[in-house]
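# Inside the fold
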Amino acid sequence: MEKDNRELATFAGGCFWCMVKPFDQQPGIISVVSGYTGGTTVNPTYEEVCTDTTGHYEAVQITFDPAVYPYSKLLELFWQQIDPTDAGGQFYDRGRSYQTAIFYHSEVQRIQAEESKKNLEESGRFSKPIVTEILPAKEFYPAETYHQGFYKKNPERYNSYQKGSGREAFIQRNWGGTE
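A few points on the structure. These numbers come from a predicted model, not from an experiment.

What follows deals with the packing of aromatic side chains. To describe a pair of aromatic rings, one takes the distance between the centres and the angle between the planes. Scanning all chains against the criterion turns up 14 aromatic pairs. Arranged with centres 5.7 Å apart and planes meeting at 75°, the rings of Trp 17 and Tyr 161 form a pair that is edge-to-face. Placement of Trp 17 in helix α1 (residues 17-24) and of Tyr 161 in helix α6 (residues 155-164) is noted, with a sequence separation of 144 residues between them. Its relative accessible area of 10% is what places Trp 17 among the buried residues. Taken together through their ring pairs, the aromatic side chains of Phe 11, Phe 23, Phe 64, Tyr 71, Phe 78 and Trp 79 make up a single cluster. The positively charged end of Arg 125 is found above the aromatic ring belonging to Trp 175, 3.8 Å away from the centroid.

Keep in mind that most residues, glycine aside, have a negative phi and that most peptide bonds are trans. If you check the backbone angles, Asn 43 has positive phi at about 50° while not being a glycine. Its place among the elements puts Asn 43 in the loop between β2 (29-37) and α2 (46-50). We classify Asn 43 as exposed; its relative accessible area is 55%. Residues other than glycine seldom take positive phi values, yet Asp 52 does so here, at roughly 65°. Take Asp 52: it is sitting in the loop between α2 and β3 (57-64).

Before going further, it helps to examine the packing of α1 against α6. Orientation of α1 relative to α6, taken along the N-to-C sense of each, is 105°, at an axis distance of 10 Å. Judged by the angle between their axes, α1 and α6 are roughly perpendicular. In this structure, α1 uses Trp 17, Cys 18 and Lys 21 to contact α6, whose residues at the interface are Arg 157, Tyr 158, Tyr 161 and Gln 162. Per-class residue counts for the contact of α1 with α6 are 4 nonpolar, 1 polar and 2 charged.

Definitions and limits used
Residues numbered from 1 in each chain as written. Predicted model: local features only at pLDDT ≥ 70, side-chain atom pairs only at ≥ 80, totals over all residues. Heavy atoms only, no water. Phe/Tyr/Trp six-rings, centres within 6.5 Å; stacked < 30°, edge-to-face > 60°. Helix = DSSP H or I, 4+ residues; strand = E, 2+ residues; numbered from the N terminus. Buried < 20%, exposed > 50% of the residue type's maximum accessible area, 1.4 Å probe, protein only. Lys NZ or Arg CZ within 6 Å of the ring centre and 35° of its normal. Axes fitted to C-alpha atoms, helices over the stretch in contact; angles between N-to-C directions. Parallel < 35°, antiparallel > 145°, perpendicular 65-115°, else oblique. Contact = heavy atoms within 4.5 Å. Nonpolar A, V, L, I, M, F, W, Y, C, P; charged D, E, K, R; others polar.

In structure tokens form, the structure reads like this:
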């Protein structure tokens, strides 16, 4: 694949550990990097982001080939990993840094994100309003090395967290277990 066929997608879905695996296992995904975006602090650390004073979200930045796995499919998969009605964070993790957002990298992505959010709202799948924000992409800062590919490096801890946080049960209940 040529580099010209690559695009970026950036999603905040709560704990970034739980957002890597679903995307990492799809065809056409070149890389999934855990990190921080949306805030004002340059090169924030995990500890700084967790204080909720940097303005950053925990997020994943996905490099993908849209000819193999289009952005619209990434959006579908994103919605199936989160509780889009929770404005206070995601599952066990609370605070601004764990809120959900779609960070668009182009006007085309913005339009597709808005359309997918509208479709989810109109589907009736959730009785509460969809609160996930759609925001312009900002500088993305990769998280510390120990956070990258966490599900591969620490599968027992990852699985325990996925289950213990309530994310696994929520996905199963609302989406039939897509992960």
